[in-house]
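The lines below spell out each chain.
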Amino acid sequence: MSSAGPDENSKLLSPPRKRSGKERKDPSITPRKFKRFFTPRSRALSSQLSPARQALRDLGAPTINQRYQTPAPSSPLQPVCEEEPEDEDLTLQSCRIPKRRKIQHTPESSPIRPLSLGPSYGLEAGLLSPIQSLKSSQELCESDDECSDIELPPPSHPPKPILSLPSRGLAGQLAQRELGGLPRAGRSYMSFPAADWRIDTANFYSRPDDVHTCTSHEGPGQCIPFCTATCHRSGITAIGDEEGRVRLLDSSNNSSEPFSKIHLTFTAHTNAVIDLHFSDDDYLLATASGDQTGQVIDMMTQSPVAYLGQHTASLKQIRFQPGQSNSSVLATSSRDGSVQIWDLRCSRPVQDFQTSEARSTNLSYRLPPPRRGCTINSFYHAHALTSRQIRQSASIGPGDTPSRREMPSRSNDVSVTTLQFLPAGQEHLLLTACEADASIKLWDIRSIHSSRNKVPSALSVTAPPESHDHWRPFGISSLTLGTDASRLYALCKDNTVYAYSTAHLILGHAPELSCRNGEPPRRRHNATTQQGLGPLYGFRHPSFHATSFYIKCTVRPAKDGRSELLAVGSNNSCAVLFPTQERYFEDELSGMISNMSLDNSTIATTTGRTSTKRQASGVRRPLFRTNSSTSLSTRPKDNIPIIRTGTPLVRGHEREVGSVAWTNEGKLITVGDDYLIRCWSEDREQAADLRTGGETGGRRWGCGWAEAGEDFDVPDDDED
């Protein structure tokens, strides 16, 4: 048998191994390694700490910032060593360690290079950096036995807590504002100094040139202005007075005439003009008068185009409907308790009431003769008194009594003091309020109510504040909407402006409030009136007193970089400004939602709730009418948040301030019983100069300013 050749045997052998290194074997398990593996490191004792581990521990030592100072590398001052060794050679010899390979990451000229050794960490304390005393963590140990761990003693002085930026004074607060930090978790704004609500209200002022004196046109003397309205696209302001005349003033910045001079005047009524309102295009001006009529006046010719004469008492308010009606539909309220809806297109065959396109250039244009307006819907007895309210009226006294040359109303009629359309898209809905109580009714003007003998059925009615049920009812004199119409503000005669949610004017299913899928559906005739949510919160101020129904409120819309503000008149000879941004009073509102329930909220859950407390004997406590804030302070505590962040405009008037209005440039127009119409502008420096400049040389004569408090104009350097 022949043997295999060398080529065949080589195929059966394993491939040759590479001889690049020693063959790797599995590590052997010795008793020492077994013990070290199952022994916790905290219990492992070692006579000597690894320098690398010591360096890692020193990085997290809490006393490292207390033991060393860190002067600049070029500073001539060096920290003094804690101990001066007697013999440097002995110290170096005692701290000598075995040889090891070190990896240096810094050049010889680096300022963090170790210079000397100290008694505690092996290095002296006279270093330029707190990490100079730490040995390099890249040092390689010669044996694994040196890598054991020991416990370090606790520091002698506890570390100082890290202070937040707001607690570091003004410098920290300014740094927080620049960096956009938050004062605490969950907040999206800074409480100080950037979010001071007075920043929005403290910049208003008025000079003597910004005042117009309302003089009489019937003879020598002066006449009282009643109302004001501003154009939507220009600075023209209309003023209605007690003689039935309308005067136009120009409040724009680029006006060639001062505000004190009359731009234009004309006679509109034979009695006092109670209310004014411009159409969306400013071509038409609607007037409501004490002679029981209203008019629609063409502003190009100052001539009436329609007479509105369906009421039996003096009118209280008039408003154009926004949206698609093209300034052809109006609503009026009166002391006779009715609300009339007018359509200017119904006096002739139905057509749009539009102005001529050539009227601005054709001087021969003549307006057609005026025609009598046609009512398309009527809400008689809109706020009729209930039997309970009739019994209370004798003890309360007169309500919205006629004065200032107004025609009196019939007995038992509840005056509808104010009305307000919802914005475009929901313009078929109308809000009304009265003198009898603080309830607000929501109407659908598409539902026909023409009977004088039946009380109309509203879509919903809000409940008055709960404090009124325990004291006495108070009426509402003015309604106004916010910029986005999400909030409704109602000025009540209990010296409070209540804020309502327009999305909750109807609780439950409310298809009438929907503005999607075309025209909202109509509710059937004489349907049951639903309940609406009461006020969410209220605004009050010591300078705000609403003692008459001539005091009004208005909202400046948030646009062109200006914030939204609520302006109200007052019997205290001043107007008051309230910021409406809810971030300013978020703390007051934070507990409102959690505490709200059907039992303690202002939702009208029952209709049989009594409005007066009964004594133990069963005799009802008498109710007293009052207009003073002293007696109002004794009423029960409010169950809604009350916001008191308001700024009064002082020294502008000497008597009651009634009507207020905002111009398209963000200026405020105030009308007072002292025969003055004043225009308020915004300028931080001029307002601060009037507050702090004093009376020297008569520099404050005829001026007014926003009273923001003594601490508002204090320079930052003078603060404690």
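Rules used throughout
Residues numbered from 1 in each chain as written. Predicted model: local features only at pLDDT ≥ 70, side-chain atom pairs only at ≥ 80, totals over all residues. Heavy atoms only, no water. Buried < 20%, exposed > 50% of the residue type's maximum accessible area, 1.4 Å probe, protein only. Helix = DSSP H or I, 4+ residues; strand = E, 2+ residues; numbered from the N terminus. Arc of directions from axis to C-beta. Polar contact = N/O pair within 3.5 Å; in protein donor to acceptor, adjacent residues only side chain to side chain. Phe/Tyr/Trp six-rings, centres within 6.5 Å; stacked < 30°, edge-to-face > 60°. Lys NZ or Arg CZ within 6 Å of the ring centre and 35° of its normal.

## Observations concerning helix H13 (residues 684-692)
- Of the positions making up H13, those classed as buried are Ala687, Ala688, Leu690 and Arg691. Angularly, the buried residues of H13 cover 160° about the axis, an arc narrow enough to put them on a single face. Exposed positions of H13 whose direction lies more than 90 degrees from the buried face are Glu685 and Thr692.
- You can read the cap of H13 off the contacts: a side-chain oxygen lies 3.2 Å from the backbone nitrogen of Glu685, and it is on Asp683.

## Considerations on unusual backbone geometry
- Look at Asp282: it is not a glycine, yet its phi comes out positive at around 65°.
- Relative to the assigned elements, Asp282 resides in the loop between strand S7 (273-278) and strand S8 (284-289).

## Concerning the packing of aromatic side chains
- Applying the stated criterion to the full structure yields nine aromatic pairs.
- Arranged with centres 5.8 Å apart and planes meeting at 70°, the rings of Phe226 and Tyr550 form a pair that is edge-to-face. Taken together, the residues Phe226 in strand S3 (residues 225-230) and Tyr550 in the loop between strand S24 (537-539) and strand S25 (553-556) connect sequence positions 324 residues apart. Each member of the pair, Phe226 as well as Tyr550, is classed as buried.
- With centroids separated by 6.3 Å and ring planes inclined at 50°, the aromatic side chains of Tyr489 and Phe539 adopt a geometry described as tilted. With Tyr489 in strand S21 (residues 487-492) and Phe539 in strand S24, this residue pair connects regions lying 50 residues apart in the sequence. Accessibility classification places Tyr489 together with Phe539 in one group, the buried group.
- Each residue in the set Tyr489, Tyr537, Phe539, Phe544, Phe578 and Phe585 is aromatic and connected to the rest through ring pairs, giving one cluster.
- The residue whose ring lies beneath Arg556 is Trp662, and the NZ or CZ to ring-centre distance is 5.2 Å.
- Over the ring of Trp680 we find Arg678, and its NZ or CZ is 5.9 Å from the ring centre.

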